[in-house]
Amino acid sequence: MDLSAISPVLLIASLMVSATPILLAAIGELVVEKSGVLNLGVEGMMITGAISGFAIAVETQNPLLGLVAAALAGAILSFIFGFLTQVLLSNQVATGLALTLFGLGFSSLIGKSYSGVKPPASARLDIPLLSDIPILGPVLFRHDLMVYVSVAIVAGVWIMLKFTRAGLVLRAVGENHDAAHALGYKVVRIRLLAIMFGGACAGLGGAYLSLIRVPQWTEGMTAGAGWIALALVVFASWKPWRVLLGAYLFGGVTVLQLNLQAAGLAIPVEYLSMSPYLITIIVLVIMSSDRNRTALNAPASLGRTFHASH
Amino acid sequence: MLTLEKRAIPSRFWARSTPVLAVFMTMIAGGVLFALLGKPPFEAIRTIFWDPLFSEFAFYYRSQLLVKAGPLILIAIGLSLGFRAGIWNIGAEGQYIMGAIFGGAVGLAFYPAEGWYIFPLMVLAGAMGGILWAMIPAMLKTRFGTNEILVSLMLVYVAQNLLSSVSFGVLKNPQGFGFPGSRNLSDYPAAANLDLIEGTGFHWGGVAAILAVLAAWGLLSRHILGYQIQLSGQSPRAARFGGVEPNRLVWICMGISGGLAGLAGLFEVAGPAAQLTPDFNVGYGFTAIVVAFLGRLHPIGIVLAGFLLGLTEVGGGIAQQNLGLPAASIQAFQGMLLFFLLAMDVFSNYRLRWATTEVV
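All of these numbers come straight from a predicted model, not from anything done at the bench. (Residues numbered from 1 in each chain as written. Chains lettered and ligands numbered in written order. Predicted model: local features only at pLDDT ≥ 70, side-chain atom pairs only at ≥ 80, totals over all residues. Heavy atoms only, no water.)

Q: Quick question: what am I supposed to make of the overall build of chain B here?
A: For chain B, the helix and strand inventory stands at 14 helices and 2 strands. In terms of C-alpha radius of gyration, chain B reaches 22 Å, essentially the compact-globule figure of 21 Å for 360 residues. With respect to the principal axes defined by its C-alpha atoms, chain B has extents near 80 × 55 × 35 Å. Within chain B, the fraction of its 360 residues that count as buried is 56%. Considering only residue pairs separated by 6 or more positions, chain B has 76% of its internal contacts joining residues 24 or more positions apart. Of the roughly 15,700 Å² that chain B leaves accessible, carbon and sulfur atoms contribute 66%. Counting 20 positive and 16 negative side-chain charges, chain B places the averaged centre of each group 14 Å from the other. (Helix = DSSP H or I, 4+ residues; strand = E, 2+ residues; numbered from the N terminus. Rg over C-alpha atoms; globule rule 2.2 N^0.38 Å. Buried < 20%, exposed > 50% of the residue type's maximum accessible area, 1.4 Å probe, protein only. Contact = heavy atoms within 4.5 Å. Areas by Shrake-Rupley, 256 points an atom, 1.4 Å probe, with all protein chains shown as cover. Lys, Arg positive; Asp, Glu negative; His and termini not counted. Charge placed at Lys NZ, Arg CZ, Asp CG, Glu CD.)

Q: I keep staring at the packing of helix H1 (residues 12-36) of chain B against helix H2 (residues 41-49) of chain B and nothing clicks. Help me out?
A: Any two packed helices are characterised by how steeply their axes cross, that is the angle between the axes, and by the distance between the axes. Residues and elements named next belong to chain B. For the pair H1 and H2, interaxial distance at closest approach is 8 Å and the crossing angle is 130 degrees. Considered as vectors, H1 and H2 are oriented oblique to each other. Judged by the twist between their axes, the crossing of H1 over H2 is right-handed. From H1, Met27, Gly30, Gly31, Phe34 and Ala35 reach across to H2, where they touch Pro41, Ala44, Ile45, Ile48 and Phe49. The residue makeup of the contact of H1 with H2, split by class, is 8 nonpolar, 2 polar and no charged. (Axes fitted to C-alpha atoms, helices over the stretch in contact; angles between N-to-C directions. Parallel < 35°, antiparallel > 145°, perpendicular 65-115°, else oblique. Left-handed = near helix turned anticlockwise from the far one by under 90°. Nonpolar A, V, L, I, M, F, W, Y, C, P; charged D, E, K, R; others polar.)

Q: Quick question: what am I supposed to make of the environment of alanine 55 of chain A here?
A: Structurally, alanine 55 of chain A can be placed in helix H2 (residues 42-60). Put simply, alanine 55 of chain A and glycine 44 of chain A are 11 residues apart on the chain and 17 Å apart in space, counted from C-alpha to C-alpha.

Q: Would you take a moment to explain empty space enclosed by the protein for this structure?
A: Rolled over the atoms, a probe with the dimensions of a water molecule shows which regions are left empty. All names here are of chain B. All chains considered together, the criterion is met by 3 cavities of 30 Å³ or more. When its volume is computed, the largest cavity comes out at roughly 60 Å³. Lining the largest cavity are Val23, Thr26, Phe49, Leu308, Leu309, Thr312, Phe333, Gln334 and Leu337. For the lining of the largest cavity, the residue count by class is 6 nonpolar, 3 polar and no charged. (1 Å grid on protein atoms, 1.4 Å probe; cavity = no way out; pocket = protein on both sides within 12 Å on 5 of 7 lines; lining within 4 Å. Points joined across faces, edges and corners; volume = space filled by probe spheres on them.)

Q: So what exactly am I meant to see when it comes to the environment of proline 21 of chain A here?
A: Residues and elements named next belong to chain A. Take proline 21: it is sitting in helix H1 (residues 8-34). In sequence terms proline 21 and valine 147 are 126 residues apart; their C-alpha atoms lie 9.2 Å from each other. Residues in contact with proline 21, not counting those within four places in the same chain, are Met46, Gly205, Tyr208 and Leu209.

Q: Sorry, what's going on with the side chain of histidine 177 of chain A here?
A: Residues and elements named next belong to chain A. Summarising the element assignment, histidine 177 is placed in helix H8 (residues 177-182). For histidine 177, the side chain forms a polar contact with the side chain of arginine 304, separated by 3.4 Å. Look past the residues within four positions of histidine 177 in its chain and what remains in contact with it is Ala172, Val187, Arg191, Ser301, Arg304, Thr305 and Phe306. (Polar contact = N/O pair within 3.5 Å; in protein donor to acceptor, adjacent residues only side chain to side chain.)

Structural data, given as structure tokens:
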């Protein structure tokens with residue numbers, strides 16, 4: 001085993017890259033859950049985004065168009081979920097599971113002809129001067145555009161939820177949909193918009209995986225990333241900056257275990273590969289063990305069906 | 001303007017006809033999807049739903065139908081109890097894998113001894129493997145209030161890694177020329193789960209499925225526990241006032257669903273799959289969720305739904321060979337089926353009304 005091959009600078013730089021897909025998906029899901037909707041279909045939307053983005057990027061040879069297409073595909077798919085749960089009042093848990101099943105199948109159906117294809121390369125933003133700073137340069141300023149976009153989305157969501165009227169209305173809908181309805185807010189419309197924002201973010205996260213992080217298309221390539229994103233929202237207690245912190249911690253674990261695999265640690269590969277999932281469980285347990293805190297942070301109407309009877 | 005008005009009691013007519021309607025709408029939507037992707041729509045639908053039963057080679061496919069429907073029904077029966085009570089075990093795939101590992105390991109430990117007691121011990125170990133794996137989310141849920149959906153699902157990935165670890169490691173066939181995977185259990189008579197009636201695909205898993213269906217039917221219609229399960233699902237608050245212990249239900253529902261999933265895994269690995277390999281599992285644990293919902297969480301409905309989805313699994317296999325559709329595309333079908341079913345549920349729970357004035 002050769003641990004000296006693991007460079008801390010590269011480790012931190014690559015953890016940001018490895019965290020970006022789940023960061024994007026989780027920040028989208030945070031907005032959805034803040035509006036009182038639990039969408040368990042993140043995994044399905046991510047993988048659909050991954051293949052849609054990949055296919056469009058390969059056909060047009062333009063990675064940026066691919067990312068836009070992925071966000072669109074995620075939003076369209078999430079609209080199905082939104083229509084079913086908000087207009088047809090279906091059970092959110094079951095509908096979310098259906099979305100995941102459908103997404104996994106649909107993506108492999110269109111993805112068949114794209115396996116083994118190389119996507120067009122995405123440009124790295126080598127920010128002049130800043131990227132030449134020792135240590136900080138490679139860690140912070142030599143990434144591709146999406147790493148910065150994902151942080152910007154987190155900041156945007158934080159500002160929106162905390163400082164704007166729209167954010168206040170969204171939170172009101174999530175805390176008590178009946179009261180929000182009585183005040184004249186369009187509960188269903190607001191939730192549909194939130195759901196589609198979540199879908200777009202999940203789609204982007206998936207496309208980041210297939211276009212930049214891996215970059216390649218393989219069937220079922222998200223491998224539970226969508227579910228981890230869902231867990232991340234709980235970990236973050238529905239707070240945007242904690243989603244960022246959680247995603248980077250998680251990215252760190254993933255990168256570290258990959259590095260340990262490469263360094264030939266005496267632990268079998270399988271046990272290292274299962275560590276991200278085990279750590280997710282442990283984190284969930286720690287966060288939920290204090291029931292009062294969880295109850296305070298979770299949107300009060302989360303997962304409940306809204307039916308305006310009068 | 002159309003509005004929805006809640007029915008006091010869900011409509012029985014709609015509850016029974018929506019699954020049938022959902023299947024037809026899935027066929028239509030699936031055909032459209034295939035046409036958009038440049039595959040022949042009618043041929044694809046016929047291959048999936050018709051050929052397994054009535055084509056030239058149907059004599060072979062018909063036995064496959066029982067092979068696929070058995071585990072689906074067995075797992076879905078267990079899941080349906082939890083789903084009725086609002087306990088969401090969606091990690092049946094992981095419990096299925098653990099049942100196969102535990103049961104398979106017991107069988108392999110006895111190799112090459114012969115004895116009538118070996119297979120029953122394997123069955124017991126398979127059920128235990130599934131139960132133990134399901135006890136993890138149950139324990140975390142009752143003790144810390146951790147979300148059972150996420151924990152049970154994470155454990156699927158852990159189980160998959162464990163499976164690959166044992167098939168490359170401790171349970172690898174010493175005479176397997178270095179290939180991953182255990183000894184072939186179908187070559188080991190004391191541990192093999194062969195067809196009880198030659199060529200029908202009916203093995204001990206089928207027997208277990210029948211017993212599970214009967215037991216679930218009795219439990220739900222004749223036993224206090226079944227009443228408590230249904231009460232907790234429909235009104236958790238009323239159930240607590242009625243003396244139902246929510247944590248006890250979590251333990252019971254997770255235990256039953258985990259045990260049945262573990263059994264399904266053992267019967268599969270000792271029978272049709274015949275050996276533990278890193279990818280012997282084919283997603284029955286997830287398909288069973290669709291089976292449970294399509295069967296309206298009712299034992300008889302689950303039997304019918306299990307056969308229907310078993311049919312699509314067989315048909316999906318044929319479509320894979322003849323039309324070059326990827327194996328996972330059948331999942332797209334199953335997802336759509338669940339979509340249509342959930343969408344049309346609105347008719348059983350609500351009434352459509354014309355409202356003359358709109359104030360909403």
